[in-house]
Amino acid sequence: MLGQAFHLRRSDQRILVGCGSAAAIAGAFGAPLAGAFYAFELIVSGYTPASLAPIGVASITGYAVAHQLAPTVPGIILSQVGTVTSQDIVIAVALGFLCALAGIAVMRAVAVWDTVMSRSRLWLPLRPTIGGLVMGLFALQAPQVMSSGHGALHTTNVVTLPVLMVAFLFALKILASVISLGSGFRGGLFFSSLLSGALGGHLFAAAMNTLVPSLHLDISVYAVIGMSALSAAVVGGPLTMTFIALETTGNLWLTTAVLIAVIVSTQVTRELFGYSFATWRFHLRGETIRSAADIGWIRDLTVGRMMRGDVTTVPVEMPIDTFRQSYPLGSKTQVIAVDSEQKYAGIVFVADAYASLDTPADTVGDIIRYQDACLLPDMNAQDAVAAFDRAEAESLAVIDKADTRRVIGILTEAHALRRYAEETDRHRRHSIGEA
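Residues numbered from 1 in each chain as written. Predicted model: local features only at pLDDT ≥ 70, side-chain atom pairs only at ≥ 80, totals over all residues. Heavy atoms only, no water.

Per an unreviewed UniProt entry, the protein carries the name Voltage-gated ClC-type chloride channel ClcB and comes from Afipia felis.

Spelled out as structure tokens, the structure:
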């Protein structure tokens with residue numbers, strides 16, 4: 001009962017985090033739909049009846065409070081958006097593709113700079129100091145590169161800036177984001193990707209108008225498309241970025257072009273890279289998280305919780321005849337062999353001991369299997385199933401640590417799959433509000 005209550009509290013905690021995120025996004029951008037879908041896509045990892053009411057109420061409340069406290073501050077300043085034509089919807093595909101490549105480049109650049117700083121062997125507090133110094137030099141040239149970029153979207157009319165200034169800000173903001181995050185500053189790329197995307201969309205439209213003057217692309221339209229497409233590549237949440245465009249412009253045709261660009265950007269990023277920025281950072285730290293769905297109950301369903309602790313061990317030097325006398329056919333299916341230091345050596349199948357009557361085998365060590373395949377107690381169910389697949393085994397021993405290799409239990413693949421299916425079903429039922 002206590003375990004079930006703890007499980008429910010963890011699930012509710014995810015919804016509470018989603019509520020806070022939804023309210024913050026709704027208040028910052030004046031976009032309650034975008035705030036709600038941010039929580040659904042990136043925090044809760046899905047739309048569920050159980051999360052609809054609390055997240056929806058939190059998003060609307062966040063918008064209402066922000067609007068009451070600062071009624072004159074709009075979410076994003078771009079200017080009046082022009083007319084969207086059928087050619088814009090087609091060209092949005094190309095911009096979405098380019099935004100995906102730019103997003104992947106930015107995420108990899110952060111990892112490269114992080115690696116450079118780590119290999120420099122600098123005293124740890126010096127790394128953000130160096131990053132801050134570089135950021136200060138950038139800010140002397142363009143104050144818009146400071147902070148996350150949300151302030152620049154509030155106060156800078158991206159559409160009316162000269163092209164050279166836009167190009168300068170675009171390059172400088174990306175470099176600033178890479179250096180600050182790679183130097184150890186906390187945060188992400190959500191707001192900065194919005195600003196960079198708007199600047200990138202401006203550059204794209206200006207370049208296309210120069211190369212093909214007959215297109216007459218509206219810069220304001222492509223600023224919004226680039227803003228959403230680049231953010232979708234870096235942050236994820238395609239519907240979130242689409243609703244930001246819809247709620248900040250109120251233009252349905254523009255939202256259609258944004259949706260197409262966002263879909264292309266998200267799919268290209270998924271195929272070529274596979275991660276959003278947050279999951280990429282976890283991946284660099286050795287985690288296997290690919291989305292919000294991997295955080296929560298699946299990480300609590302560990303080998304240590306699923307294994308059976310009553311294991312039988314035999315010394316690896318035991319003569320095979322003695323083993324047959326101790327374990328006749330039908331008594332057990334398998335026994336774990338250990339060496340002279342009580343470290344895991346492998347698994348002995350009783351059937352193999354009797355099959356060796358026709359082949360030379362002096363000790364248990366001659367017939368052991370899976371010497372190099374075993375499980376650790378902190379592995380989750382997904383890692384365990386992957387280990388079974390790699391070893392092509394139906395059961396594996398569980399050891400305490402990789403260096404000591406003390407046997408603490410055994411786990412079968414069938415039991416791991418059954419427990420995984422049970423937890424999946426329980427999580428599904430809780431998500432849709434069933435008891």
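### Some thoughts on the pairing of strand 3 (residues 344–349)
What counts, and what does not: Whether a residue is buried, partly exposed or exposed follows from its accessible area with a 1.4 Å probe, protein chains only, as a fraction of its type maximum: under 20%, in between, or over 50%, in that order. Under the scheme used here, helices are H or I runs from DSSP no shorter than 4 residues and strands are E runs no shorter than 2 residues, and both carry numbers assigned from the N terminus. Strands are treated as partners if at least two bridges between them are detected by DSSP.
Most of strand 3 sits inside the fold, with six of its six residues counted as buried. When strand 2 (residues 334–338) meets strand 3, the two strands line up antiparallel, connected through five bridges. Paired with Gln-334 across the two strands is Phe-349, which belongs to strand 3. Counted between consecutive antiparallel strands, the loop separating strand 2 from strand 3 contains five residues, among which Gln-342 sits at a positive phi close to 65 degrees.

### Quick look at the environment of Met-165
The topology assignment puts Met-165 in helix 7 (residues 163–182). In sequence terms Met-165 and Leu-199 are 34 residues apart; their C-alpha atoms lie 9.7 Å from each other.

### Details of the packing of aromatic side chains
Heads up, the condition is: In this analysis, rings of Phe, Tyr and Trp, with Trp reduced to its six-membered ring, are considered paired at centre separations within 6.5 Å, and the interplanar angle assigns stacked below 30 degrees, edge-to-face beyond 60, and tilted for intermediate values.
For the structure shown, the criterion picks out nine aromatic pairs. When the centroid spacing of 5.5 Å and the interplanar angle of 90 degrees are considered together, the rings of Tyr-38 and Phe-190 count as edge-to-face. You can see Tyr-38 sitting in helix 2 (residues 32–43) and its partner Phe-190 sitting in helix 8 (residues 190–211), a full 152 residues away along the chain. This pair shows no difference in class: Tyr-38 is buried, exactly as Phe-190 is. Centre to centre, the rings of Phe-349 and Tyr-370 are 6.2 Å apart; their planes meet at 75 degrees, and the pair counts as edge-to-face. Residue Phe-349 is located in strand 3, and its partner Tyr-370 is located in the loop between helix 16 (350–355) and helix 17 (381–391); the two are separated by 21 residues in the primary sequence. Look at Phe-349 and you get buried, because its relative accessible area is 19%. On the accessibility criterion, Tyr-370 (18% relative accessible area) is buried. An aromatic cluster of three or more residues is present, and its members are Phe-29, Tyr-38, Phe-190 and Phe-191.

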